[in-house]
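Examination of the molecular architecture
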Amino acid sequence: TVADVLLSARLELLAERLQTAVAKEASEKAVGASSSAVKAYYEKNKRRFDEPVTRTTAIIFTHTESQSRRAEAALRAGQSWKSVNHRYTIDPATKDGPGDFEIPKGQSPEVETQVFAAKPGVLSGPFHAQVGFYIFKVLGERAPRQLTPDQAQATIEAHLRTAAAQEAVHRFEASYTKSWTAKTNCRPQYVAPGCKQYKPTSGSKSNSPAADAGSRS
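The structure displayed is predicted, hence computed values, not measured ones.

Further remarks concern the overall build of the chain. A tally of helices and strands in the chain yields 7 helices and 6 strands. Sorting the 217 residues of the chain into buried and exposed places 32% on the buried side. Taken as a whole, the chain presents about 13,600 Å² of accessible surface, with 54% of it coming from carbon and sulfur.

Moving on, we get to the pattern of salt bridges. Overall, the coordinates contain 8 salt bridges when judged by the stated rule. Sharing partners across several salt bridges, the network here consists of Glu65, Arg69, Glu72 and Arg76.

Listed as buried for helix α5 (residues 109–117) are Val111, Glu112, Val115 and Phe116. The arc enclosing the buried residues of α5, seen along the axis, measures out at 120°, which places them on a common side. The exposed set on the far side of α5, more than 90 degrees from its buried face, consists of Pro109, Thr113 and Ala117. At its buried positions, α5 is contacted by β2 (54–62), β3 (100–104) and β5 (132–142).

Among the 9 residues that make up β2, 8 are buried, leaving the element largely enclosed by the rest of the structure. Inspection of the sheet shows β2 paired to β3 by 5 bridges, in the antiparallel sense. Of the residues in β3, the one forming a bridge with arginine 55 is isoleucine 103. Inspection of the sheet shows β2 paired to β5 by 9 bridges, in the antiparallel sense. Counterpart to threonine 54 in the pairing with β5 is arginine 142.

With that settled, the discussion passes to the state of the cysteines. The full count for this structure, using the stated rule, is 1 disulfide. Cysteine 186 shares a disulfide with cysteine 195; S-S distance 2.1 Å. Its S-S torsion of approximately -85° makes the covalent link between cysteine 186 and cysteine 195 left-handed. Here cysteine 195 falls in the buried class, since its relative accessible area comes to 2%.

Between helix α3 (residues 65–76) and helix α4 (residues 81–88), the shortest axis-to-axis distance is 10 Å and the interhelical angle comes to 160°. Taken together, the axes of α3 and α4 lie roughly antiparallel to each other. α3 and α4 meet at a crossing whose hand is right-handed. For the pair α3 and α4, the contacting residues are Gln67, Arg70, Ala71, Ala74 and Leu75 in the first and Trp81, Val84, Arg87 and Tyr88 in the second.

For the structure on display, the rule yields 6 aromatic pairs. Between phenylalanine 61 and phenylalanine 101, the aromatic rings sit 5.9 Å apart at their centres with planes inclined by 90°, giving edge-to-face as the arrangement. One end of the pair, phenylalanine 61, is in strand β2; the other, phenylalanine 101, is in strand β3, with 40 residues separating them in the sequence. Of the residues examined, phenylalanine 61 reaches a relative accessible area of 15% and is grouped as buried. Between phenylalanine 61 and tyrosine 134, the ring centres sit 5.8 Å apart and the planes meet at 45°, which makes this aromatic pair tilted. With phenylalanine 61 in strand β2 and tyrosine 134 in strand β5, this pair connects stretches of sequence that are 73 residues apart.

Thresholds, definitions, all that
Residues numbered from 1 in each chain as written. Predicted model: local features only at pLDDT ≥ 70, side-chain atom pairs only at ≥ 80, totals over all residues. Heavy atoms only, no water. Helix = DSSP H or I, 4+ residues; strand = E, 2+ residues; numbered from the N terminus. Buried < 20%, exposed > 50% of the residue type's maximum accessible area, 1.4 Å probe, protein only. Areas by Shrake-Rupley, 256 points an atom, 1.4 Å probe, with all protein chains shown as cover. Salt bridge = Lys/Arg side-chain N within 4 Å of Asp/Glu carboxyl O. Arc of directions from axis to C-beta. Contact = heavy atoms within 4.5 Å. Pairing = 2+ DSSP bridges. Disulfide = S-S within 2.5 Å. Axes fitted to C-alpha atoms, helices over the stretch in contact; angles between N-to-C directions. Parallel < 35°, antiparallel > 145°, perpendicular 65-115°, else oblique. Left-handed = near helix turned anticlockwise from the far one by under 90°. Phe/Tyr/Trp six-rings, centres within 6.5 Å; stacked < 30°, edge-to-face > 60°.

Dropping the structure here:
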């Protein structure tokens, strides 16, 4: 009935709000994770904080090769990289900046072959890319390194907050579903996952949200 549908919708909205509140509370508690928790995570996952050799590279992406050629000519004529980048780039994220990118080795195959083969300080290109063409100049290179615990702290804390929120929501969902299933009595012809009387057959799995169970009360 319409009343059942409205009840199901209200319960679903309530469940979503509760999940959000549970996740927020768990995340806020994790913000104050002890330094020992951060250190323990770092020690257990040190390799996650290895950073490969990285080249700081100014890149101008364009739609066509002729646009890249015009950008190259403007740079060789003495115009600033920032002004040329603003005029020609198709990357909105860097249009108002110098167009600098951090290119780690092993993570950007589309451009890294050219970037790591180039001599620093030399204007190179145009080269073809998936989205068009680009010219670039390598500005510098940073050797491989491993982040220290202090450098990795913000990343670790963010991970711990997310993990805590996900675990809290998982526990809430399990408790919520169990509670509503126990309260949902269904007529024999309407027994389905989420009903108190429902008994899954071998190999079946209930995926119905607890809110749906309420509509069959």
